[in-house]
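The residues making up each chain are set out below.
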Amino acid sequence: MNQTVCIFSLLLITLQIFSCSGLDPCCAQPCQNSGLCVSKGSDSYECDCTRTGYYGENCTTPELSTRIRSILKPSPNTVHHFLTHYKWMWNIINNVSFLRDAIMRYVLTSRANLVDSPPTYNAAYGYKNWEAYSNLSYYTRTLPPVPTHCPGATPTLPDAKQVVEKVLLRRKFIPDPQGTSLMFAFFAQHFTHQFFKSDLKKGPAFTRSLGHGVDLSHIYGESLERQHKLRLFKDGKLKFQVVDGEVYPPLVKDVQVEMHYPPHIPEVHRFAVGHEAFGLVPGLMMYATIWLREHNRVCDIMKEEHPDWDDERIFQTTRLILIGETIKIVIEDYVQHLSGYHFKLKFDPELLFSQRFQYQNRIASEFNTLYHWHPLMPDTFHIQQQVYAYPQFFFNNSIVTQHGIGNLVDAFTKQTAGRISGGWNLPPPVQGMAAKVLEHSRQMRYQSFNAYRKRFGLRPYTSFEDMTGDKELAAELEKLYGDVELVELYSGLLVEKPRPGAVFGETMVEMGAPFSLKGLLGNPICSPEYWMPSTFGGTVGFDIVNSASLKNLVCLNVKGPCPMVSFKVPDVQFPSVSSRNSSSDPSGHSEISPTVLLKERTSEL
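What you see is a predicted model; the values in this text were computed from it and never measured.

*Asks:* I'd like a rundown of the pattern of salt bridges, residues and numbers included.
*Replies:* In this structure the tally under the stated criterion is 28 salt bridges. In this structure, R293 engages E246 in a salt bridge whose closest nitrogen and oxygen atoms are separated by 3.4 Å. Note that R293 is positioned in helix α12 (residues 282–305) and E246 in strand β6 (residues 246–248), a separation of 47 residues in sequence. On the accessibility criterion, E246 (15% relative accessible area) is buried. A salt bridge links E332 to K328; the shortest N-O distance between them is 2.8 Å. Within this pair, E332 and its partner K328 are both found in helix α13 (residues 311–339), separated by four residues, close to a single helical turn. Overlapping salt bridges bring together K197, R208, E222 and E276 as one network.

*Asks:* Which residues make up a nonpolar patch on the surface, and what are the values?
*Replies:* A cluster of nonpolar side chains, contributed by L64, I68, I71 and L72, occupies part of the molecular surface with about 480 Å² of accessible area. Its location among the elements puts I71 in helix α2 (residues 64–72).

*Asks:* Please provide a residue-by-residue account of helix α21 (residues 471–481), values included.
*Replies:* Taken as a whole, α21 has its buried residues at L473, A474, E476, L477, L480 and Y481. In a view along the axis of α21, the buried residues occupy a sector of 160 degrees, so they form one face of it. Across from the buried face of α21, at angles greater than 90 degrees, the exposed residues are K471 and K479. Along its buried surface, α21 packs onto α7 (160–168), α18 (431–443), α20 (464–468) and α22 (489–495). Between the side-chain oxygen at the start of α21 and the backbone nitrogen of E472 there is a gap of 3.1 Å, and the oxygen is on D470. Two residues or fewer after α21 comes G482, characterised by a positive phi angle close to 80 degrees.

*Asks:* Break down the packing of α12 against α13 for me, citing the residues and quoting the values.
*Replies:* Between α12 and α13, the least distance of the axes is 9 Å, while the angle of their chain directions is 125 degrees. Comparing their axes, α13 and α12 come out oblique. Our pair here, α12 against α13, has a crossing hand that is right-handed. Where α12 approaches α13, its residues W291, E294, H295, V298, C299, M302 and K303 are matched on the opposing element by I314, F315, T317, T318, I321, L322, E325, T326 and I329.

About the cut-offs
Residues numbered from 1 in each chain as written. Predicted model: local features only at pLDDT ≥ 70, side-chain atom pairs only at ≥ 80, totals over all residues. Heavy atoms only, no water. Salt bridge = Lys/Arg side-chain N within 4 Å of Asp/Glu carboxyl O. Helix = DSSP H or I, 4+ residues; strand = E, 2+ residues; numbered from the N terminus. Buried < 20%, exposed > 50% of the residue type's maximum accessible area, 1.4 Å probe, protein only. Patch = residues over 30% accessible without salt bridge, like charges linked within 9 Å, V, L, I, M, F, W, Y side chains within 5 Å. Areas by Shrake-Rupley, 256 points an atom, 1.4 Å probe, with all protein chains shown as cover. Arc of directions from axis to C-beta. Contact = heavy atoms within 4.5 Å. Polar contact = N/O pair within 3.5 Å; in protein donor to acceptor, adjacent residues only side chain to side chain. Axes fitted to C-alpha atoms, helices over the stretch in contact; angles between N-to-C directions. Parallel < 35°, antiparallel > 145°, perpendicular 65-115°, else oblique. Left-handed = near helix turned anticlockwise from the far one by under 90°.

So this is what it looks like as structure tokens:
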């Protein structure tokens, strides 16, 4: 109580100082608990506490319902512990349909309600206005940017490169204790780049992805012109080439779409796919190839089921089917693995049909920042008795055809990814990229890490050790920032202490899950108007969506026996590998500085 009185007194003093100086009283952020401040001249303000669950001059007095909820509601860490333990109980719940549906409905609504819909702010506007809502070229914002006219709007922050070197850069590879595989890491990278497409010609606050969600533009191209160049215009299919009896993406020279390859890459290894940067690493081209094969496979099924349909209808229906497959795989395989829950997640749009839910989505810039999960990447990549360092791995599509999709899947399933939170696990080849993320965050005037914790209902950290759980890391952070309230969103997410046995810390999950689930279930195909068999070409197409899984996606699209495929590394003995030297690389790729290779793509990948 005394602490609260002191804080409130300090706030009043600050406001008086601002008033005397003729400054905006809202700069002191007097409105608490998500209350919105509206200034009334230089000496007065009012707080809008509407639907916050609080009232009073500064939205600090809880309503009765808020008091009751705060007493009964367990902390996020308690809920996480409950969901990741007591497996015997969850096995029972998972087999009782109405219980599983009720819990899944609560998970979806409670998470989605944390995301503002419709959107409220962008980097240019810290107050609600039509431009922030209607201008799709901006990422939306979860918290408004720090106003430029406020004192301390541009605090003295440490050099971005110093932050990376002192608290983020890997000293020694730290494997993810949750057993996440590289198959997961490359899926995350491939999946998210259909909606994380910063337009750096305009600035980091802008996006080229006007779809703002799961539209598979990374498969089909973000423009109609690119899509048409990639299409075969026969039976709904995409263009392809056959190498050693297997289907791969076509070559750039044959389809004439822009792809980002260094000059030394031979034409025969310049594959053309929906996203111009997916030639960067073989893991991305592996998934691009799998989804190309899946599209053409489903087209064959639609052609047989509907021999009267023309090319356009087969193509458009197949795209809807693949969007459905993607969302189901992301919820039931990808998010399921990330959560570590014993509760079995379920993709069933009908769970929300009785709820108040908006079928639209806008990508938040904070979500883009949050998703820079580069610590997942290992120091080297192990494939069939060979080890590839970064210089041999970058822009090397020969690895894809040399080893084949099945062998890549098997290898990436068996190699452990790195732990994301906890600090000191960022691979050196991407340190320049991490510095850029910090610099872009500052350009967009993000609020502090603690401000975002409060926005998502989490307790703000009171010290560096409270944040990291590690004395040495805390000491380095204190040297850099001086005050825990100055720690930035991106650095905070990566240095935060991980949950026990998990890849993430608390904030990454509690902040990322609402964005993710709202974006997935807010897709038009999940709406009552779309979610029916006829949308997907009838029962056969609807069954493809409802039976989708990571395993099916791979097994139906590789030659020969299905490889081991999982987002979690299996408990197996790995084969020994021999070191691969760049000078003897049969692909003919010379060793090039990763910094040079990544120069154009630092904001995207």
